[in-house]
Amino acid sequence: MTPSDAGRHWLIDIARRAGLPHADQLRLAAGCTATEAWRTVSEKTGVALPELLSEVADQLRLPLAVLETANPHVARLLPEKTARKYLVVPLRESDRQIVVATADPFDLEMEQGVSFASGRTAVI
């Protein structure tokens, strides 16, 4: 999967693979934000955001983040400005890694930015 090109977006690819309603007609504007992409796919398919999140996690074989279980001490490793820029929530840490929830698991710039800012390898 690749990021947006000519109306294609990784989220649309997953919606189609999952067989979500109206997924074949989905298009996203070039350069739309991750927030806009999630909102648009949810609205156009008629699938509520929590169910869409769960479906995407299943399709990508990623755990669905439970933000309420985030270790509050991990937030100190990542400046709030960086977390907002990349739409991530720090969840937990180890000596070498910082685990984050993200709106875009294919964003390599996010991985690099979070790794640089935290001094640890970003893991989704």
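See the structure above.
Residues numbered from 1 in each chain as written. Predicted model: local features only at pLDDT ≥ 70, side-chain atom pairs only at ≥ 80, totals over all residues. Heavy atoms only, no water.

Novice: Let's hear about the overall build of the protein chain: which residues, and what values?
Specialist: Secondary structure assignment for the protein chain yields five helices and three strands. The C-alpha atoms of the protein chain give 15 Å as radius of gyration, which agrees with the globular expectation for 124 residues (14 Å, within 12%). Based on the C-alpha atoms only, the size of the protein chain along its principal axes is roughly 45 × 25 × 20 Å. Relative to its full complement of 124 residues, the protein chain shows a buried share of 36%. Sequence-distant contacts, at least 24 apart, represent 41% of the contacts inside the protein chain between residues at least 6 apart. Of the roughly 7700 Å² of accessible surface on the protein chain, 52% is carried by carbon and sulfur atoms. Charge-centre separation for the protein chain: the mean point of 14 positive side chains lies 3 Å from the mean point of 16 negative side chains. (Helix = DSSP H or I, 4+ residues; strand = E, 2+ residues; numbered from the N terminus. Rg over C-alpha atoms; globule rule 2.2 N^0.38 Å. Buried < 20%, exposed > 50% of the residue type's maximum accessible area, 1.4 Å probe, protein only. Contact = heavy atoms within 4.5 Å. Areas by Shrake-Rupley, 256 points an atom, 1.4 Å probe, with all protein chains shown as cover. Lys, Arg positive; Asp, Glu negative; His and termini not counted. Charge placed at Lys NZ, Arg CZ, Asp CG, Glu CD.)

Novice: Could you give an account of the nonpolar core, with specific residues and numbers?
Specialist: Taken as a class, soluble globular proteins show a tendency for nonpolar side chains to be buried jointly. Ranked by internal contacts, the top residues of the largest apolar core, which has 19 residues, are W10, L11, W38, V41, L52 and V56. Per-element accounting of this core gives the leading share, five residues, to helix α1 (residues 10-17). In this view, L11 contacts A37, W38, V41 and V56; residues no more than four positions away in its chain are not counted. One finds V74, A83, Y86 and V88 within the second-largest nonpolar core, a separate group that totals 11 residues. (Core = buried A, V, L, I, M, F, W, Y, C linked by side-chain atoms within 4.5 Å.)

Novice: Kindly report on helix α5 (residues 108-118), identifying the contributing residues and their values.
Specialist: What α5 keeps buried is the set M110, G113, V114 and S118. Down the axis of α5, the buried side of the element spans an arc of 110°, and every buried residue falls inside it. In α5, those exposed residues whose orientation departs by more than 90 degrees from the buried face are L108, Q112 and F116. At its buried positions, α5 is contacted by α4 (80-86), β1 (88-93), β2 (97-102) and β3 (121-123). (Arc of directions from axis to C-beta.)

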